[in-house]
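Working through the structure, step by step
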Amino acid sequence: MSRPAHGRPEYHKINKDLFVLTYGALVAQLCKDYEKDEDVNKYLDKMGYGIGTRLVEDFLARSCVGRCHSYSEITDIIAQVAFKMYLGITPSVTCNNSSRNEFSLILDKNPLVEFVEELPAGRSSLCYCNLLCGIIRGALEMVHLAADVTFLQDRLKGDSVTEIGITFLKKLDEKKYRRKK
Amino acid sequence: MAVVMLFQFLHAEMVAELGARDTDPGPGGQKRSLSVLEGTGFRAGQALGDRLPRDTPAFREELDVLKFCKDLWVAVFQKQMDGLCTNHQGTYVLQDNSVPLLIPTALGLQYLEDAPKFLAFTCGLLRGTLRTLGFQSLVTSSVATLPACKFQVVVRKSG
């Protein structure tokens, strides 16, 4: 991938704006297509999943992360490496249970909603950023980890923070994917 | 920065999903899909136009529009466009020999008929950005050989 054009710092901003504004236009289009919030949410998650399955390769190529040994490590990498790399933010991570398979990412800043003040009228159940949940889910599945990923809290809905919950489920059967030696 | 990849992935997913919406395989279905993609691009372009640095004076001359197109291309695609010409009567042709948004598609004539789907969003984006800056325009694309493509922008100053 070529380096950004020299100098003009605003180009960097344009790239980020382009993604954020394209996403906004997509959500607007889906709201036109689907009356029910749940349907828009599902569609965003589905698209995110598709993106995640391909994004993970790009991520692994750029980040050179080593093998992880716990769900906790993986969640840390999602927050501190992946989010940082693609969105320029670092959500904080909390572990929600003693079995250590349920985690939360707390987003203090969220670039996706930079230009969104509030949810559109009549769309109070819209998970505006649901693409992110799908991306995480799709990416994890590509590395043989099944997980449920949903928004637990959302500032756009009036909550005090935006929180993404990741629940790691049973590890996908590795034997199926292990390459023959 | 890697956010560029996010845009590319999102765009590819939009083409795959929104571009395949219509089950009608005939030209009517494809037209609707293209229209949806173009419309999404238009909306994004309008908003993007608001975000662009406005340190340049208002477009009075054609050269301003040319320069704007060039700058926008670099800002959006992180590369110079390979050719830009005008007939000096409001029509501009932007040529790019390897538009990044097309690169995910395989090279080869068999994918040529799918090419419009990959360009529709960008056509809308151009049209939307120009609209915010006061120009009504019609933007169309054509592909002779992937990955090279041309965008034709016919500009009319509005109001």
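About the cut-offs
- Position numbers for residues count from 1 along each chain, tracking the sequence in the order it is written.
- Ligands are numbered from 1 and chains lettered from A, in the order in which they are written.
- Side-chain atom pairs in this predicted model are given and counted only at pLDDT of 80 or more, local residue features only at pLDDT of at least 70, and totals for whole chains, interfaces and linings cover all residues.
- The basis for every side-chain value is the complete set of non-hydrogen atoms in the structure, without hydrogens or water.
- UniProt positions are given in the numbering used here, feature names are shortened, and annotations may be inferred rather than shown by experiment.
- The contact criterion used throughout is that any non-hydrogen atoms of two residues lie within 4.5 Å.
- The term salt bridge refers to a side-chain nitrogen of Lys or Arg lying within 4 Å of a carboxyl oxygen of Asp or Glu.
- Numbering of helices and strands runs from the N terminus, with a helix taken as a DSSP run of H or I at least four residues long and a strand as a DSSP run of E at least two residues long.
- Classification used: nonpolar for Ala, Val, Leu, Ile, Met, Phe, Trp, Tyr, Cys and Pro, charged for Asp, Glu, Lys and Arg, polar for all others including Gly.
- Residue-level confidence of the predictor is what pLDDT reports, using numbers from 0 through 100.
- Remark: nonpolar core denotes a set of buried residues (Ala, Val, Leu, Ile, Met, Phe, Trp, Tyr, Cys) joined through side-chain atoms within 4.5 Å.
- For the exposure calls, accessible area comes from a 1.4 Å probe over protein chains only, and a residue counts as buried if that area is under 20% of its type's maximum, exposed if over 50%, partly exposed in between.
- Helix axes use the C-alpha atoms of the stretch in contact, all axes being lines fitted to C-alpha atoms, and the angles between their N-to-C directions lie in the range 0 to 180 degrees.
- Note on terminology: angles under 35 degrees are roughly parallel, angles over 145 are roughly antiparallel, angles of 65 to 115 are roughly perpendicular, and the others are oblique.
- Left-handed describes a crossing whose near helix is turned anticlockwise from the far helix through less than a right angle; right-handed describes the clockwise counterpart.
- Ring pairs shown here join Phe, Tyr and Trp side chains whose ring centres sit within 6.5 Å, with only the six-membered ring taken for Trp; geometry is labelled stacked below 30 degrees between planes, edge-to-face above 60, and tilted in between.
- Bend is computed residue by residue as the angle between axes fitted to the seven residues ending at the residue and the seven residues starting at it.

In the nomenclature of an unreviewed UniProt entry, chain B is known as Trafficking protein particle complex subunit 6A of Propithecus coquereli. Annotation of chain B in UniProt includes, under Function (unreviewed entry), the sentence "May play a role in vesicular transport during the biogenesis of melanosomes." In its Sequence similarities (unreviewed entry) section, UniProt records this for chain B: "Belongs to the TRAPP small subunits family. BET3 subfamily."

The name recorded for chain A in an unreviewed UniProt entry is Trafficking protein particle complex subunit, from Propithecus coquereli. The heading Function (unreviewed entry) in the UniProt record of chain A holds the text "May play a role in vesicular transport from endoplasmic reticulum to Golgi." Comment text from UniProt for chain A, heading Sequence similarities (unreviewed entry), reads "Belongs to the TRAPP small subunits family. BET3 subfamily."

The accessible area lost on association of the parts is a frequent measure of interface size. Between chain A and chain B, the contact holds 43 residues from the first and 32 residues from the second. Linking chain A with chain B are two salt bridges, by the criterion used here. Where A:Arg54 meets B:Glu13, a salt bridge forms, and the shortest distance between an N and an O atom there is 2.9 Å. Only α1 (9-33), α2 (37-63), α3 (71-87) and α4 (130-142) of chain A provide two or more residues apiece to the side of chain A that touches chain B. Tallying contributions element by element places α1(A) first for the side of chain A that touches chain B, with 19 residues. Residue composition of the side of chain A that touches chain B, by class: 24 nonpolar, seven polar and twelve charged.

Do not read the predicted coordinates in detail wherever pLDDT is low. Residues and elements named next belong to chain A. Taken over all residues, the pLDDT of chain A has a mean of 88, while the share at 70 or more is 87%. Below pLDDT 50 for its whole length, residues 1-9 participates in nine contacts with residues either more than four positions away or in separate chains. Below a pLDDT of 50 lies the segment residues 174-181, which in the model reaches two contacts outside its immediate sequence neighbourhood of four places, other chains included.

Moving on, we get to the nonpolar core. All names here are of chain A. Ranked by size, the top nonpolar core spans 90 residues in total, and within it Phe83 and Ile164 carry the most contacts. Top contributing element to this core by residue count: α1, with eleven residues. Setting aside residues no more than four positions away along its own chain, Ile164 makes contact with Phe83, Phe103, Ser104, Leu105, Leu107, Leu132, Cys133, Ile136, Val149, Thr150 and Phe151.

Our next topic: the packing of α2(A) against α4(A). Residues and elements named next belong to chain A. Between α2 and α4, the shortest axis-to-axis distance is 6 Å and the interhelical angle comes to 40 degrees. Here α4 runs oblique to α2, going by the angle between their axes. At the point where α2 passes α4, the crossing takes the right-handed sense. Contact with α2, carried on its side by Asn41, Leu44, Asp45, Met47, Gly48, Tyr49, Ile51, Gly52, Thr53, Leu55 and Val56, involves Asn130, Leu131, Cys133, Gly134, Ile135, Arg137, Gly138, Ala139, Glu141 and Met142 of α4 and no other residues of that element. Split by residue class, the contact of α2 with α4 holds eleven nonpolar, seven polar and three charged.

Let us look at the packing of aromatic side chains. Residue and element names in this part refer to chain A. In total, this model carries seven aromatic pairs over all chains according to the counting rule given. Aromatic side chains Phe103 and Phe168 sit 6.0 Å apart centroid to centroid with 80 degrees between the ring planes, which places their arrangement in the edge-to-face category. Residue Phe103 is located in strand β2 (residues 102-107), and its partner Phe168 is located in strand β4 (residues 162-171); the two are separated by 65 residues in the primary sequence. By relative accessible area, Phe168 is classed as buried at 2%.

Along α3(A), the sharpest kink reaches roughly 30 degrees, centred on A:Ile78. Those residues of α3(A) that sit buried are A:Ser72, A:Ile74, A:Thr75, A:Ile77, A:Ile78, A:Ala79, A:Ala82, A:Phe83, A:Met85, A:Tyr86 and A:Leu87.

All names here are of chain B. Within the element layout of this structure, Ser98 appears in the loop between β2 (91-96) and α4 (115-132). The class for Ser98 is partly exposed, based on a relative accessible area of 27%. Ser98 sits 58 residues away from Arg156 along the chain, and the two C-alpha atoms are 28 Å apart.

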